[in-house]
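So you can see what is in the structure, the chains are spelled out below.
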Amino acid sequence: MTTILAIFFISLVFALALTPLAGRFGVRFGAVDVPGERKVHSSSIPRCGGLAIFAAFSLTLIISTFFMTDVSDLLVMNRETTFLLLGALVVFGVGLFDDFHRLGHKVKFLFQIIGASVAFWGGIRIGSFALFGMSFEFGWMSYFVTVFWFLLFINAVNLIDGLDGLAAGVCFFASSVMIIILTVNGNFLYAMLFSSLAGALLGFLRYNFNPASIFMGDGGSYFLGYTIAGLAIMCSIKSQVGAVMLIPVLVLGVPIFDTILSPFRRFITGRGMFKADKGHIHHRLLAMGLSTRKIVLIVY
């Protein structure tokens, strides 16, 4: 437990120190979110905060390998971990590139699939699902189920990243819940990974909560969605598959529901299914006259 707490605070400190640097980097090289029709902010704000989250998470894990404790010794670069990080680098990279040079949704969607496929090839896959004594084997459908799982989480976090502190806070709570449950069940390796993620998110929230001075951008939201999805699969393989995998789904229920609903809503209203709009849950709450802080706390 001491190692898990140490990792959390190290990641927190890294994020606190690196987020302002990421903001200045974004301003210097043009990764800035300017006010517009779908924006709720009134001034230009850097949108590459995901760089700080990614760096804090990665640096913390590197440092933790020097702890020489029973928990830190569990972190080894096996096939699954290596491919998870490679896939995370793919989706984070395309998201970060989009933060600086806007890409079409088809290109981003393609790289999301590639990142999910990398994880699948590394052994991070949903081959079966067990819950309440019932078991389902996916067989040849395993690849499609796994890719859909990753895409659902990536785009759920991305879609909810429309208000100050909303996506980062929801992901922080999801990670915190996983830390508690995994620690209680003695699954310290994945508790350690979620702890590094939670620390990075809390440090980032210091600058991202309303009024935000930086946004995480697509790089951050893609990385968070991908990492939570991948870790959920990995830790479920070591325990009760269905029960563990459903926990992030429940905690991220609001953005996941929004992600599933959005394409159907756009289709019914005659809009492009992947064309951005202001029909998301947080946009509707804004239209009701609620403040940004109240909406964020409601969703929390």
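See the structure above.
These numbers come from a predicted model, not from an experiment.

Enquirer: Outline the environment of Ser142, supporting the account with residue identities and numerical values.
Expert: Along the polypeptide, Ser142 turns up in helix H5 (residues 142-160). Expressed as a C-alpha distance, the spacing of Ser142 and Phe120, which sit 22 residues apart in the sequence, is 9.0 Å.

Enquirer: Describe the nonpolar core, and please don't skip the residues or the numbers.
Expert: Residues Phe223 and Leu224 are the most contacted members of the largest nonpolar core, which totals 81 residues. Ranked by residue count, the leading element in this core is helix H7 (residues 188-208), at 13 residues. Once residues lying within four places of it in the same chain are set aside, the contact partners of Leu224 are Ile53, Val157, Cys171, Leu197, Leu201 and Met216.

Enquirer: Explain the pattern of salt bridges to me, and be specific about the residues and the numbers.
Expert: Within this structure, the stated rule accounts for three salt bridges. Residue Asp218 is joined to Lys108 by a salt bridge in which the shortest nitrogen-to-oxygen separation is 3.4 Å. Taken as a pair, Asp218 in helix H8 (residues 217-237) and Lys108 in helix H4 (residues 105-121) lie far apart in primary sequence, 110 residues in all. When sorted by exposure, Asp218 lands in the same class as Lys108, which is buried.

Enquirer: Outline the layout of surface pockets, supporting the account with residue identities and numerical values.
Expert: Put simply, the second largest pocket is a space of about 300 Å³. Considering the residues around the second largest pocket, the lining is formed by 18 residues, among which Phe57, Ser58, Leu61, Met77 and Leu85 are closest to the centre. Broken down by secondary-structure element, the contributors of at least two residues to the lining of the second largest pocket are helix H2 (50-64), helix H3 (79-100) and H8. With six residues, the top contributor of residues to the lining of the second largest pocket is H3.

Enquirer: Let's hear about the side chain of Asn208: which residues, and what values?
Expert: In this fold, Asn208 is placed in helix H7. Here Gly165 takes part through its backbone nitrogen, which lies 3.0 Å from a polar atom of the side chain of Asn208. Filtering out sequence-adjacent residues up to four positions away, Asn208 remains in contact with Asp164, Gly165, Ala168, Ile214, Phe215 and Met216.

Enquirer: Any chance you could break down the packing of aromatic side chains for me, citing the residues and the numbers?
Expert: Enumeration according to the criterion identifies 14 aromatic pairs in this entry. Plain terms: the ring middles of Phe92 and Phe223 are 6.3 Å apart, the flat faces sit at 75° to each other, and that makes the pair edge-to-face. Placement of Phe92 in helix H3 and of Phe223 in helix H8 is noted, with a sequence separation of 131 residues between them. One exposure class covers both Phe92 and Phe223, and it is buried. Between Trp140 and Phe144, the aromatic rings sit 6.4 Å apart at their centres with planes inclined by 85°, giving edge-to-face as the arrangement. Judged by relative accessible area, which is 68%, Trp140 ranks as exposed. Members of the aromatic cluster, connected to one another through ring pairs, are Phe54, Phe57, Phe92 and Phe223. Here the guanidinium or amino end of Arg125 rests over the ring plane of Phe120, the centre of that ring lying 4.0 Å away.

Parameters at a glance
Residues numbered from 1 in each chain as written. Predicted model: local features only at pLDDT ≥ 70, side-chain atom pairs only at ≥ 80, totals over all residues. Heavy atoms only, no water. Helix = DSSP H or I, 4+ residues; strand = E, 2+ residues; numbered from the N terminus. Core = buried A, V, L, I, M, F, W, Y, C linked by side-chain atoms within 4.5 Å. Buried < 20%, exposed > 50% of the residue type's maximum accessible area, 1.4 Å probe, protein only. Contact = heavy atoms within 4.5 Å. Salt bridge = Lys/Arg side-chain N within 4 Å of Asp/Glu carboxyl O. 1 Å grid on protein atoms, 1.4 Å probe; cavity = no way out; pocket = protein on both sides within 12 Å on 5 of 7 lines; lining within 4 Å. Points joined across faces, edges and corners; volume = space filled by probe spheres on them. Polar contact = N/O pair within 3.5 Å; in protein donor to acceptor, adjacent residues only side chain to side chain. Phe/Tyr/Trp six-rings, centres within 6.5 Å; stacked < 30°, edge-to-face > 60°. Lys NZ or Arg CZ within 6 Å of the ring centre and 35° of its normal.

Remember that the coordinates give geometry; whether it matters functionally is a separate question.
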